[in-house]
Amino acid sequence: MNGEAALVEITDLYKYFPIRAGLFSRHVADVHAVDGVSLTIHEGETLGLVGESGSGKTTVGRLTLSLLRPSSGSVRFKGQDVTKLTSGEVRALRREMQIIFQDPYGSLNPRMTVGEIVGEPLKIHKIATGREAAERVKELHHLVGLRAYHVNRYPHEFSGGQRQRVGIARALAVNPSFIVLDEPVSALDVSIQAQVINLLEDLQQQFRLTYLFIAHDLSVIRHISSRVAVMYVGKIVELAARDDLYENPLHPYTQALLSAIPIPEPAVEARRQRIVLSGDVPSPVNPPSGCRFHTRCPVAFDRCIVEEPRLLDYGNGHLAACHLVEERKGEAPALTAAQK
Ligand code: SF4
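What counts and how
- Residues numbered from 1 in each chain as written.
- Predicted model: local features only at pLDDT ≥ 70, side-chain atom pairs only at ≥ 80, totals over all residues.
- Heavy atoms only, no water.
- Helix = DSSP H or I, 4+ residues; strand = E, 2+ residues; numbered from the N terminus.
- Rg over C-alpha atoms; globule rule 2.2 N^0.38 Å.
- Buried < 20%, exposed > 50% of the residue type's maximum accessible area, 1.4 Å probe, protein only.
- Contact = heavy atoms within 4.5 Å.
- Areas by Shrake-Rupley, 256 points an atom, 1.4 Å probe, with all protein chains shown as cover.
- Lys, Arg positive; Asp, Glu negative; His and termini not counted.
- Charge placed at Lys NZ, Arg CZ, Asp CG, Glu CD.
- Pairing = 2+ DSSP bridges.
- Axes fitted to C-alpha atoms, helices over the stretch in contact; angles between N-to-C directions.
- Core = buried A, V, L, I, M, F, W, Y, C linked by side-chain atoms within 4.5 Å.
- Expected span 1.5 Å × (residues − 1).
- Phe/Tyr/Trp six-rings, centres within 6.5 Å; stacked < 30°, edge-to-face > 60°.

Side note on the overall build of the protein
If you tally the helices and strands in the protein, you get twelve helices and 13 strands. Relative to its length of 340 residues, the protein is compact, with a C-alpha radius of gyration of 21 Å against a globular reference of 20 Å. By principal-axis analysis of the C-alpha atoms, the protein measures approximately 70 × 60 × 45 Å. Taking all 340 residues of the protein together, the buried fraction comes to 49%. Of the contacts formed within the protein by residues at least 6 apart in sequence, a portion of 62% connects residues at least 24 apart. Counting every atom, the protein has about 16,500 Å² of accessible surface; 50% of that belongs to carbon and sulfur. Between the centroid of the 38 positive side chains of the protein and the centroid of its 38 negative side chains there is a distance of 6 Å.

Structure (structure tokens):
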């Protein structure tokens, strides 16, 4: 387990989005986007959060930064519950907590030069003005591998990788300690992905940053994460140290996701057994009873349909929520902090 102090503590977090219909916008149902998530993110680590589209991982990221209010639960940042802050207090907190989005083009104002974009947070947070701000913008360009002359160019003049570097420079402008990276390399070519990931790793070491790295791609997550949490329809189903998760996945869903990653050695790839999941991810409006994965799980049994599995600790911080794992392991595993 990571011995570092907790920077972010997410406890029993729920986010339901109401669905309204009819003439009077009657509340008819809820999207169960996040359904009882508890996570701790330690100082200086990268926690990878992985799951298919609709798993709720992006909503967890936004709730963590107070970009959304939860239905219930808490998010503590350096001990302070950010879900209880006023909008003014949340704005002040933005200096510490930043986000980098998947689509660097969509998140950059096309009418501003990249110098203005990177310098904007310095103005908003009254960190620097005039010559001092210009120097800081140059320094930030250098840090992320952009050239000084790029300050006067517009986002459309840049490649996808360069635009993502602009997004990173803008996030770094306020000297944050925590950054949520929401699919930061998914829109980039594979060769460019590696460059951006390496840059993020270098910056993390240099500035002792803590990352919540959200992605659907398990290969990318493996490269950068210290620990990995797997989400399925609003819930964490497995959480472990990176190597533990990739070498000894406990949950059938994680096993299926890992079996789908191509292995570059043809001989190994030919011998490998793929677990093909049938059906689609269930709707978060009406999640399945019991274990949410039972409609697609190749080893589901009767108990899975009626009883929801608890997220239990099988040693060394390796958690899984699966009846089969619990029954196979025999001895009673430890309850996680959120269940005590
Ligand atoms: Fe499969 Fe049952 Fe485990 Fe869910 S609890 S993952 S359905 S075996």
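What to know about the sheet that holds strand β5 (residues 80-81)
With antiparallel pairing, four strands are arranged side by side in an open sheet as β2-β1-β4-β5. Either end of the sheet is taken by a strand with one partner, and the two such strands are β2 (26-42) and β5. Across the sheet, helix α1 (residues 57-64) touches β1 (6-21), β2 and β4 (72-77), and the angle it forms with β1 is around 115°.

Section: the nonpolar core
Among the nonpolar cores identified, the biggest contains 57 residues, and Ile-168 and Phe-213 are the most heavily contacted of them. Excluding residues within four positions of it along the chain, Phe-213 makes contact with Thr-46, Leu-47, Gly-48, Leu-49, Leu-181, Pro-184, Ile-197, Leu-200, Val-220, Ile-221 and Ile-224. Membership of the second largest hydrophobic core comes to 33 residues, among which are Val-37, Ile-41, Ile-214 and Leu-239.

Details of helix α5 (residues 160-172)
Under the 1.5 Å per step criterion, the end-to-end length of α5 is 19 Å for 13 residues, consistent within 8% with the ideal 18 Å. Counting buried residues along α5, eleven of its 13 residues qualify, which places the element largely inside the surrounding structure. Looking at the buried positions of α5, the neighbouring elements they touch are β6 (97-100), α3 (114-124), α4 (130-143), β7 (178-182) and α6 (190-207).

Observations regarding the packing of aromatic side chains
Under the counting rule described, the total for this entry stands at five aromatic pairs. A ring pair is formed by Phe-77 and Phe-178, whose centres lie 6.3 Å apart and whose planes are at 40°; its orientation type is tilted. Taken together, the residues span a long stretch of sequence, with Phe-77 in strand β4 and Phe-178 in strand β7 at a distance of 101 residues. Judged by its relative accessible area of 0%, Phe-178 is buried. Relative to Phe-293, the ring of Tyr-232 lies with its centre 5.1 Å away and its plane at 85°, an arrangement referred to as edge-to-face. You can see Tyr-232 sitting in strand β9 (residues 227-232) and its partner Phe-293 sitting in the loop between α10 (266-271) and α11 (302-306), a full 61 residues away along the chain. You'll find Tyr-232 and Phe-293 in the same group, each marked buried.

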